[in-house]
Amino acid sequence: MPMVTVRIVDIKGLYLPGFPDSSAPPGTTRAAGVRPGYTSLDNQGRVYINRDLDGRWARNTQLIEITAEVTSPDGELPEGARIRWSARDPDDPSNERPEVHPDWGPTLDENDYDAAGGYVGPVEGDNEGTPDRSPSWEEVEGYPLSDVAETSASTAIVGGRSTIRRHMTDIAGDNLIVRAEIEAEGLAEAAADETGIMTLWRRIDVEYIRMESAPALPLAKVPRHFELVFTQLDFSEERVIQDLQHLSLDASTLGEQASRFVSEIFSHAGEPGWFCLIAALEPHPLPELQGALLFTGAVTILDGGQGERRREYVEIPGEHPDASYVTFRWNGEQIGFSVAIASVLSDPPRTQLWLDPHDIQDRFTAGDGSVAHAYRDRLFFFPRARRRGAAWEPPGYGIPARVEAVVRGPGAVYTAGMSPTIDLGTARYFAGRTILFTHHRAWWDPERGQPRRGYEQGTLHTIVHELTHAFGMPHKCGYFDYLTPRRTTCCMNYRSHWMIDADQQLIPGTAGLVGEDLCGRHVKETRRVRLEKNRGLRWR
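Scope of this entry: the structure provided in the associated data block. No experiment lies behind these values; they were computed from the predicted model shown.

Attention shifts here to the overall build of the chain. Each helix and strand counted, the chain has 5 helices and 35 strands in total. With respect to the principal axes defined by its C-alpha atoms, the chain has extents near 105 × 55 × 45 Å. Evaluated residue by residue, the chain yields a buried proportion of 54% over its 540 residues. A total accessible area of about 23600 Å² is found for the chain, and carbon and sulfur atoms account for 47% of it. The positive charge centre, built from 57 side chains, and the negative charge centre, built from 78, are 5 Å apart in the chain.

Shown next, in the form of structure tokens:
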């Protein structure tokens, strides 16, 4: 019998990074497109979650349509010849990437490690998602399907071709290889071909809106920070709107006013697959004297309250109801805390400053996009204690009981970016809505009327931070980012906070190291998010 060849010639629903996408809306540049004949032999092919074969939004749908071509030198095929399709789940190679710190390897792909956390090697069969149908094969009209199992199926060969659909799992980072092999009696050697690794990605369109006087945001640098999350962010053509210098009168009304503002200008709100990013000016007016100095000197750190209401405070002389921020300085260290309550007392006049602790969310998981889920497990650090639930124990930041303190008024610390939420009943949800305040004094020089040096780097960190909230992720994880060598901390942290170690104790000297990338836990849990289940997005 002459040698028969099998070649996979087309995969509908497979996207090549860097290839133009002809289906993109005007003004939008997409990061991947369909190239005829591409079979992901470079292992870079993307299959989009919640998308049909034409790239349109389709809830709980992710699939490809594969065509194989069969040729024989004499044009004849054995009687009854069919294509046997098989699928396998290759190892997730993320943890083997050279830039990934070894400590994050087991988080990204625990199957490659033993019980003690030692690296064993690449292990297949690590997909986590669920296909949108079972078995995962679907017949294409004209190519009858038979012998269907979860990992294999057969189709008829018609006119030298055979086509089948394969439905995929629904977690970003899951992957698949498909093999096409001819099966027939009398063949001396079974001809076959297979794809490269095809990986599940999310594709999110981001509506970009900029106030007229806001400097442009560094959008071109954003997408790569979500590649390890297997999320493709495609920004729309810029839409310029009229300036609004402040979104609210003060910090207390900012959340409500910002949410209303976004609802009015986010034109794609509720459309499946859309987030928005707004370059605004300032959140609210600042005091004429920003962060006015109210007190400097030695204070004693005390605590009061019971159980989950227990917290620490200091007293300073005089009446200071507007005290906003306390900075402690000791042994070359410096850490600041916001004031939760300023209670003015008399005889003699003095003010108790009850401190807001630094919160850490180190055990977060992928959820439904609700704020309650993101922050349901929290760890609180005070100057001299740590509290989880009602458990209270030293040392917290290990600040001496008697310490030098600087107390300032409003405006010393204020927000540079935010993710306005949506309330549905009693629940509050992240909703894919991000605002950056480009005239924040850390980035904007009001006297010169232009961005300060470092504007792009500073705003890039905040963009990645806020867009990660869009997936329902919390901030302040307390971890270093996923990169090696270890230099910077996860971009979801606050610059003023220390990080935590394996025993959930603070690591001195780790404030101010926040980078532009995520930690391994944020990477893994963001992959696991099913955005279609977030009611706040209202993706119908």
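With that settled, the discussion passes to the sheet that holds strand S26 (residues 391-393). Each strand in a sheet pairs with its neighbour through backbone hydrogen bonds, running either in the same direction (parallel) or in the opposite one (antiparallel). Read from one edge to the other, the open sheet built from 4 strands follows the order S23-S24-S25-S26, with strand pairing classed as antiparallel. For this open sheet the edge positions go to strand S23 (358-360) and S26, each flanked by a neighbour on one side alone. Each strand axis lies, on average, 20° off the axis of its neighbour in the sheet, ignoring direction. In terms of strand pairing, strand S25 (residues 386-388) meets S26 through 3 bridges, oriented antiparallel.

With that out of the way, let us pick up unusual backbone geometry. Here the residue pair Ser134 and Pro135 is connected by a cis peptide bond, since its omega of -5° sits within 30 degrees of zero. In this fold, Pro135 is placed in the loop between helix H1 (105-108) and strand S7 (137-139). Cis geometry marks the peptide bond from Pro394 to Pro395; its omega dihedral reads 10°. On the secondary structure map, Pro395 appears in the loop between S26 and strand S27 (402-408).

Here we come to the nonpolar core. Judged by nonpolar contacts, the single largest core of 61 residues is most densely connected at Leu217, Phe261, Phe275 and Ile435. Elements supplying a minimum of two residues to this core: strand S13 (198-211), strand S14 (231-235), helix H2 (254-265), strand S16 (274-280), strand S31 (433-437) and helix H4 (455-469). For this core, the element with the highest residue contribution is S16, accounting for 7 residues. Not counting chain neighbours up to four residues away, the residues in contact with Phe261 comprise Met211, Ile241, Leu244, Leu247, Ile278 and Ile435. Core analysis: the next-biggest nonpolar cluster, separate from the first, contains 35 residues, Ala32, Ala172, Val178 and Phe230 among them.

Among the secondary structure elements, Leu53 is positioned in the loop between strand S4 (45-48) and strand S5 (63-71). Separated by 11 residues in sequence, Leu53 and Ile64 have C-alpha atoms that sit 6.5 Å apart. In this view, Leu53 contacts Lys12, Gly13, Tyr15, Leu63, Ile64, Glu65 and Arg165; residues no more than four positions away in its chain are not counted.

Attention shifts here to the sheet that holds S7. The strand order S1-S5-S10-S7 describes an open sheet built from 4 strands, whose pairing is antiparallel. If you trace the sheet from one side to the other, it starts and ends with strand S1 (5-12) and S7, each paired once. For this sheet the average axis-to-axis angle between neighbouring strands, irrespective of direction, equals 30°. In terms of strand pairing, S1 meets S5 through 7 bridges, oriented antiparallel. Opposite Ile8, over in S5, you have Ala68 as the bridge partner.

A few words on the packing of aromatic side chains. Taken as a whole and judged by the stated rule, the model has 15 aromatic pairs. Ring geometry for Phe328 and Phe337: centres 6.0 Å apart, planes at 65°, overall edge-to-face. Phe337 matches Phe328 in its accessibility class, with the two residues each being buried. Through pairs of rings, three or more aromatic residues link up here, namely Trp57, Phe226, Phe275, Phe471 and Trp539. Looking at Lys476, its charged tip hangs above the ring of Tyr494, at a distance of 4.4 Å from the centre.

As for its placement among the helices and strands, His440 is situated in the loop between S31 and strand S32 (444-445). For His440, a relative accessible area of 10% translates into the label buried. A polar contact of 3.1 Å, which involves the side chain of His440, links it to the backbone oxygen of Tyr414.

On to helix H5 (residues 520-528), then. Of all 9 residues making up H5, 7 are buried, and the element is well covered by its neighbours. Taken as a whole, H5 has its buried residues at Gly520, His522, Val523, Lys524, Glu525, Thr526 and Arg527. Elements in contact with the buried residues of H5: H1, S13 and H4.

Calculation criteria
In every chain, residue numbers begin from 1 and rise along the written sequence. The predicted nature of this model means local features are confined to residues of pLDDT at least 70 and side-chain atom pairs, given and counted, to a pLDDT of 80 or more, with totals for whole chains, interfaces and linings taken over all residues. Calculation of side-chain values draws on the structure's entire complement of heavy atoms; hydrogens and water are dropped beforehand. Put simply, DSSP marks the helices as runs of H or I at least four residues long and the strands as runs of E at least two long, and each gets a number from the N terminus on. The buried label applies to any residue whose accessible area, calculated with a 1.4 Å probe on protein chains only, is under 20% of its type's maximum; exposed applies above 50%, and partly exposed to all values in between. Throughout, the Shrake-Rupley method with a 1.4 Å probe supplies accessible areas, and for residues the shown protein chains are the sole cover considered. Note on charges: Lys and Arg go in the positive column, Asp and Glu in the negative column, and His and the chain ends are not counted at all. Where a charge lies is defined by one atom per residue type, namely NZ (Lys), CZ (Arg), CG (Asp) and CD (Glu). When DSSP finds two or more bridges between a pair of strands, those strands are recorded as paired. Between the N-to-C directions of two axes lies an angle of 0 to 180 degrees, each axis being a line fitted to C-alpha atoms and, for a helix, fitted only over the stretch in contact. Note on terminology: a nonpolar core comprises buried Ala, Val, Leu, Ile, Met, Phe, Trp, Tyr and Cys residues joined through side-chain atoms within 4.5 Å. Residue contacts are defined here by distance: any two heavy atoms, one from each residue, within 4.5 Å place the two residues in contact. In summary, the pairing rule links any two rings of Phe, Tyr or Trp, Trp by its six-membered ring, whose centres are within 6.5 Å, and it sorts them by plane angle into stacked for under 30 degrees, edge-to-face for over 60 and tilted for everything else. Placement of a positive charge over a ring is assigned whenever Lys NZ or Arg CZ falls within 6 Å of the ring centre and within 35 degrees of the normal to the ring plane. The term polar contact refers here to a pair of N or O atoms within 3.5 Å; inside protein, the definition further demands a hydrogen-donor-capable atom paired with an acceptor-capable atom, and it admits residues adjacent in sequence only when both atoms are side-chain atoms.

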